[in-house]
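# Analysis of the macromolecular model
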Amino acid sequence: MMVAGTILFGFYAAMAAFLLQAFGSGALPFVLAGSLLFVGVQYKVGKWAALKSVGAVDLPEDDFRELHDRVERLADDMGIDKPRLMIAQMGTPNAFAVGRKGAGTVVISEELLHTLTVAELDGVLAHELAHIRNRDVVMMVLGQGVASMLAILAQWFVLLAGDNFIVDYVVSIVVGTIVQMLVMIFVMAIARYREYIADRDAADEVGGESLARALEKISQRSEQIDDNEIDSQVSALCIFGSDRGLLAKLFASHPPVEKRIERLRT
């Protein structure tokens, strides 16, 4: 975690140093302001897009009073405000959280309600509340923002250094994509680590066995369903990810579910 975070910060520092070298020390306020604005917009748009992509709607309190009460008790025990609860049809039992501490939203799928017991559902909810408490969504947005900014900077560097616009444009797209992928390797490494932390925090609240059983059921059910139904950006937020293959594992947002279950039961 520390190594990946340090490398990620190094990428941002290198980008800032390059801009300061190119435009002088007077550009520092603009570099900082521009970075904050870019990440802020990405955060707002990303949150809206995640909810929109799954068609999430508010979970009616009148029809799900017991569930709302359980979430409120869990949130109180974990020292955060009760998040907004939403429900969606994802085609698979899953859940994800967006937002930050004090303004979080937890989305659960209808399939999840029909798959898990009350105790197992509490394990999933505690995991998502841990993400909100630990500001993991904000951390992911920051990482993705650094990756996007570096990719844009690399593209402009290629365009400004060349003399053939058509060729340089194609090369800039390739270079920008490669740069973004390299940075995202470290962003995903951080994301996988944060999943373990959220699992541990949930286990401290409701017990590891409840979440372990929930992950087993979600994994078994998801193997029978085409996971392409969920948008890739939303999939990175979900409690379960089913990445396969060496390259997929390198860019996976979640650790192998078997390892998560093993840790919860030890």
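Because the structure is predicted, anything quoted here is derived from the model rather than measured.

About the criteria used
Residues numbered from 1 in each chain as written. Predicted model: local features only at pLDDT ≥ 70, side-chain atom pairs only at ≥ 80, totals over all residues. Heavy atoms only, no water. Helix = DSSP H or I, 4+ residues; strand = E, 2+ residues; numbered from the N terminus. Contact = heavy atoms within 4.5 Å. Buried < 20%, exposed > 50% of the residue type's maximum accessible area, 1.4 Å probe, protein only. Arc of directions from axis to C-beta. pLDDT = per-residue confidence, 0-100. Core = buried A, V, L, I, M, F, W, Y, C linked by side-chain atoms within 4.5 Å. Patch = residues over 30% accessible without salt bridge, like charges linked within 9 Å, V, L, I, M, F, W, Y side chains within 5 Å. Areas by Shrake-Rupley, 256 points an atom, 1.4 Å probe, with all protein chains shown as cover. Salt bridge = Lys/Arg side-chain N within 4 Å of Asp/Glu carboxyl O. Lys, Arg positive; Asp, Glu negative; His and termini not counted. Charge placed at Lys NZ, Arg CZ, Asp CG, Glu CD. Axes fitted to C-alpha atoms, helices over the stretch in contact; angles between N-to-C directions. Parallel < 35°, antiparallel > 145°, perpendicular 65-115°, else oblique. Nonpolar A, V, L, I, M, F, W, Y, C, P; charged D, E, K, R; others polar. Pairing = 2+ DSSP bridges. Phe/Tyr/Trp six-rings, centres within 6.5 Å; stacked < 30°, edge-to-face > 60°. Lys NZ or Arg CZ within 6 Å of the ring centre and 35° of its normal.

When you line up the elements, Ser172 lands in helix α7 (residues 165-206). Ignoring any residue separated from it by four or fewer positions in sequence, one finds Ser172 in contact with Gln155, Val158 and Leu159.

Quick look at helix α11 (residues 257-264) now. All buried positions along α11 are accounted for by Val257, Arg260, Ile261 and Leu264. Around the axis of α11, the buried residues are gathered within 95 degrees of arc, so they sit on the same side. Seen from the open side of α11, the exposed residues pointing more than 90 degrees away from its buried face are Glu258, Glu262 and Arg263. Buried-residue contacts for α11 involve α5 (118-133), α7 and α8 (208-222).

A low pLDDT means the predicted coordinates there should not be read in detail. Looking at the protein as a whole, the pLDDT averages 84, with 86% of positions reaching at least 70. Predicted confidence in the protein is weakest over helix α9 (residues 232-235), with a mean pLDDT of 56, and strongest over strand β1 (residues 57-58), with 96.

Val106, Ile108, Leu112, Val124 and Leu125 are the most contacted members of the largest nonpolar core, which totals 32 residues. For this core, the secondary-structure elements that each account for two or more residues are α3 (65-77), β2 (84-88), β3 (95-100), β4 (103-109), α5, α7, α8 and α11. With residues up to four places along the chain from it excluded, the contact list for Leu112 reads Pro93, Asn94, Ala95, Leu121, Val124 and Ile218. Core analysis: the second largest hydrophobic core is formed by 17 residues, Leu19, Val39, Val187 and Met188 among them.

A cluster of like negative charges, contributed by Glu72, Asp76, Asp77, Asp204 and Glu205, occupies part of the molecular surface. No other element matches the 3 residues that α3 contributes to the negative patch. Along the chain, Glu205 falls in helix α7. Among the residues examined, Glu205 registers a relative accessible area of 30% and is labelled partly exposed.

Turning to the packing of α5 against α8, a few remarks are in order. Contact pair α5 / α8: the axes reach a minimum separation of 7 Å and the direction vectors enclose 95 degrees. In terms of orientation, α5 and α8 fall into the roughly perpendicular class. Counted together, Ala119, Glu120, Gly123, Val124 and His127 of α5 and Ser210, Leu211, Arg213, Ala214, Lys217 and Ile218 of α8 form the full contact between these two elements. Of the residues belonging to the contact of α5 with α8, the class tally is 5 nonpolar, 3 polar and 3 charged.

What follows concerns the sheet that holds β1. The 4 strands lie next to each other as β1-β2-β4-β3, forming an open sheet whose pairing is mixed. Looking at strand neighbours, the two that pair on one side only are β1 and β3, the edges of this open sheet. Alignment of β2 against β4, held across 5 bridges, turns out to be parallel. From the neighbouring strand, Ala88 faces β4, where its bridge partner is Ser109.

This brings us to unusual backbone geometry. The phi dihedral of Arg135 falls on the positive side, at around 60 degrees, and the residue is not glycine. Checked against the element boundaries, Arg135 lands in the loop between α5 and α6 (136-161).

Tallied over the full model, the rule gives 0 aromatic pairs. Positioned above the aromatic ring of Tyr196, the side-chain terminus of Arg263 is 3.7 Å from the ring centre.

Here we come to a nonpolar patch on the surface. Taken together, Phe165, Ile166, Tyr169, Val170, Ile173, Val174, Ile178 and Leu182 make up a surface patch of nonpolar side chains, about 800 Å² in accessible area. Note on placement: Val174 falls in helix α7. With relative accessibility at 45%, the residue Val174 sits in the partly exposed group.

Side-chain pairing between opposite charges can occur once the charged atoms of the two side chains come close. Taken as a whole and assessed by the stated rule, the structure comprises 15 salt bridges. In this structure, Glu61 and Arg65 form a salt bridge, with 3.0 Å as the shortest nitrogen-oxygen distance. On the accessibility criterion, Arg65 (40% relative accessible area) is partly exposed. Salt-bridge contacts for Arg200 lead to Asp201; the nearest nitrogen and oxygen are separated by 3.4 Å. In this structure Arg200 comes out as partly exposed when scored by relative accessible area, which is 47%. One continuous salt-bridge network, built from bridges that share partners, spans Glu120, Glu209, Arg213, Glu216, Lys217 and Arg265.

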